[in-house]
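What the coordinates show
Single-letter residue listing:
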Amino acid sequence: MKDFKSEIAKIISEKVSELSFDEVKEMIEIPQDSKMGDFAFPCFKLAKVMRKAPPLIAQEVAESVESSGIFDKVEAVNAYVNIFLPKAEIAAETLKTVLDKGDAFGTTDKGAGKTVIVEYSSPNIAKPFHIGHIRSTVIGNSIYKIYKALGYDMIRINHLGDYGTQFGKMISAYRRWGNKEDVEKAPIKTLLGYYTKFHEEAEKDPSLEEEARQIFAKLEHGEKEEVELWQWFRDESLKEFNRVYGMLGIEYDSYNGESFYSDKMPRIENELEEKGLMVESRGAQVVDLEEYGLGTALIKKSDGSSLYITRDIAAAVYRKETYDFYKNIYVVASQQTLHFQQLFKILELMGYTEASSGSIHVPFGLVSLEEGTMSTRQGRVVFLEDVLNSAVDKTREIIAEKNPDADNVDEIASQVGIGAVIFNELSNNRIKDYTFKWDTVLNFDGETGPYVQYTHARCASLLRRAGEDIVSKAKDMAINFDYISSENAHELIKLIYAYPSYVELAGEKYEPSVVTRHIIDIAQGFNRFYHDEHIITENEDEKIAKIALTLATKTVIKNGLALLGIEAPERM
Ligand code: ARG
């Protein structure tokens, strides 16, 4: 699509030799009030270099922008140059592009030939998959979709927490008190029970800890019985996780978790030794990062067992060597910020400079529940699966009330209920903590998933009412743009026009909420248009123009929801 902002920057930077094209582009603003133009250029900064009063400069700049003949109107107001885009042209450009590209509107091939890894969710085996895990899971999935839309070759990794001394405890507990049928019935709840019991008993009898350590050592050495039990715990846990991933529509290319790196650690430890990075501290092996303000990183315990960060070093090196990534994105809670700073620093010190500079930690804040925070230890966990199921149940009730004759109620309830939870998750800046509240999540009128999905369904219903003939004429662009030149229509068109740039921005910032906010704006923009104007009118030309805009709105909402990992039902 024609890039009007660049167009303006080009004209102004030619006129004002003191500023480069990029500088001008940076300075161009979008006024709050569209009566001040679609774009505005402030001239304050220029006063010094041009030795003139800002209003005078604005006047001169306005004249040269005006003389390009591209814009509907250009005016100097005080120190600002206000620029009004050519309405008919932007409408034509936008609708033509959206209707041609359809599902592909908002995608580019900018990232072609570059591989981006997104690591997300990464829960711990045999531990509850709770509401706290929704964040990494859903944010990561959306970042994956956004980068895919930007044309990158994508690899999705679930770095399962499937290794570590806790598995020694789990095996020990299972041998003492466990039972196969119970585990198969409800793997995670049962295994968690054993694990808790182990901790209680170990307080009375510390020799249990030693036993667990020995079992983990056997596991690390690949002893058959231990490996089989561990494998079974892993498989059973994955069955549960996959049920939730299925509900959320999430898939992976690799489930290489921590255990995958068990045989790749000696190499890392040797390299750290050779490069003189490893020092001994109280019997353990550490990397001292004090001089970078990053404390010390524990690489190997005194009993020889490896640690979380060691496995992460091995993983990063493996990923670089296997995928030659351009970016390696970790979507992990902000509590682990220091861990990732240490990891990236160690990679750099080891000489893996590209692996280090291409790795990015994308942190996020905490989610809490209205009833208070969760605590795994005190058994106050809310399973994510239960939350998703209640979302679907509650939505089914709402639909039964609003639309008692709807047919595929189950399908809609699951698309809307689960969509609502995801949308809520992706509505705010990811770094913010937030409280999960049912009233906000399922509100059909607020800035929510159901509201946006409902707007999509409303567009679909208008297209059905208009009929195939009108829709196909709209698709053929047999459009008289005068019918969609009202304030409301123009605002909506500009929002649709801007959508691809928001997808790019979301990618740059690793921030799906940029897309979420923008599709809320589009939905609101469409509803203003819908309330103020008749879409299905007697006048056929008018109907065609308005249906074209409705179809474009529907397309962009659907594409935006897809980037968030949310479905767009045709009826609600
Ligand atoms: N399993 C870890 C946890 O639940 C998250 C793993 C994050 N990813 C990583 N490469 N360290 O806290």
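Quick caveat: nothing in here was measured; it's all calculated off a predicted structure. (Residues numbered from 1 in each chain as written. Predicted model: local features only at pLDDT ≥ 70, side-chain atom pairs only at ≥ 80, totals over all residues. Heavy atoms only, no water.)

**Thoughts on the environment of I566**
- Among the structural elements, I566 can be located in the segment after α23 (540-564).
- By relative accessible area, I566 is classed as buried at 6%.
- Separated by 58 residues in sequence, I566 and E508 place their C-alpha atoms 21 Å apart. (Helix = DSSP H or I, 4+ residues; strand = E, 2+ residues; numbered from the N terminus. Buried < 20%, exposed > 50% of the residue type's maximum accessible area, 1.4 Å probe, protein only.)

**As for the pattern of salt bridges**
- By the definition in use, this model includes 38 salt bridges.
- Residue E75 pairs with K73 through a salt bridge whose shortest N-O separation is 4.0 Å.
- Owing to a relative accessible area of 41%, K73 belongs among the partly exposed residues under this scheme.
- Here K204 and E201 are joined by a salt bridge, their closest N and O atoms 3.5 Å apart. Taken together, the residues span about one helical turn, with K204 and E201 both in helix α9 (residues 187-204) at a distance of 3 residues.
- Counted as one network, the salt bridges with shared partners bring together R267, E271, K275 and E321. (Salt bridge = Lys/Arg side-chain N within 4 Å of Asp/Glu carboxyl O.)

**Side note on unusual backbone geometry**
- Of note, A126 is a non-glycine position whose phi angle comes to about 65 degrees, a positive value.
- Although it is not a glycine, M477 sits at a positive phi angle of roughly 65 degrees.
- In this fold, M477 is placed in the loop between α20 (468-475) and α21 (487-509).
- A relative accessible area of 23% means that M477 is categorised as partly exposed.

**A closer look at helix α13 (residues 308-323)**
- Taking 1.5 Å as the rise per residue, α13 with 16 residues should run 22 Å; its terminal C-alpha atoms sit 22 Å apart, in good agreement.
- The complete set of buried residues in α13 reads I309, T310, R311, D312, I313, A314, A315, A316, V317, R319 and K320.
- Positioned one or two residues after α13, D324 has a phi angle of 45 degrees, which is positive. (Expected span 1.5 Å × (residues − 1).)

**Description of the packing of aromatic side chains**
- What the rule picks out here adds up to 25 aromatic pairs.
- Taking 5.1 Å as the distance between ring centres and 45 degrees as the angle between the ring planes, the aromatic pair formed by F129 and F241 counts as tilted. Linking F129 in the loop between β4 (115-119) and α6 (134-149) with F241 in helix α11 (residues 224-248), this pair joins segments that are 112 residues apart in sequence. Comparing F129 with F241 shows no difference in burial state: the two are buried.
- Between F129 and Y245 the ring centres are 5.5 Å apart and the planes differ by 75 degrees, which places this aromatic pair in the edge-to-face class. Of this pair, F129 sits in the loop between β4 and α6 while Y245 sits in helix α11, placing them 116 residues apart in sequence. No difference in accessibility class separates F129 from Y245, as the two residues are buried. (Phe/Tyr/Trp six-rings, centres within 6.5 Å; stacked < 30°, edge-to-face > 60°.)

**Description of the site of the ligand**
- Every residue lining the ligand is accounted for by E119, S122, N124, H159, Y308, D312, Y330, V332, Q336, H339 and F340.
- Within the contact set of the ligand, an oxygen atom lies 3.1 Å away from a side-chain nitrogen or oxygen of Q336.
- For the ligand, whose accessible area on its own is 350 Å², the fraction buried by protein is 85%.
- Those elements giving two or more residues to the shell around the ligand turn out to be α13 and α14 (337-349).
- Classifying every residue of the shell around the ligand gives 4 nonpolar, 5 polar and 2 charged. (Near = heavy atom within 4 Å. Polar contact = N/O pair within 3.5 Å; in protein donor to acceptor, adjacent residues only side chain to side chain. Areas by Shrake-Rupley, 256 points an atom, 1.4 Å probe, with all protein chains shown as cover. Nonpolar A, V, L, I, M, F, W, Y, C, P; charged D, E, K, R; others polar.)

**With respect to the packing of helix α19 (residues 449-466) against helix α22 (residues 513-532)**
- Relative to each other, α19 and α22 sit at 45 degrees, their axes nearing to 9 Å. Judged by the angle between their axes, α19 and α22 are oblique. Seen from above, α19 lies across α22 with left-handed handedness. Between α19 and α22, the residues in contact are Y451, V452, T455, R458, C459 and L462 and I519, I520, A523, Q524, F526, N527, Y530 and H531, respectively.
- Here the contact of α19 with α22 is composed, by residue class, of 9 nonpolar, 4 polar and 1 charged. (Axes fitted to C-alpha atoms, helices over the stretch in contact; angles between N-to-C directions. Parallel < 35°, antiparallel > 145°, perpendicular 65-115°, else oblique. Left-handed = near helix turned anticlockwise from the far one by under 90°. Contact = heavy atoms within 4.5 Å.)

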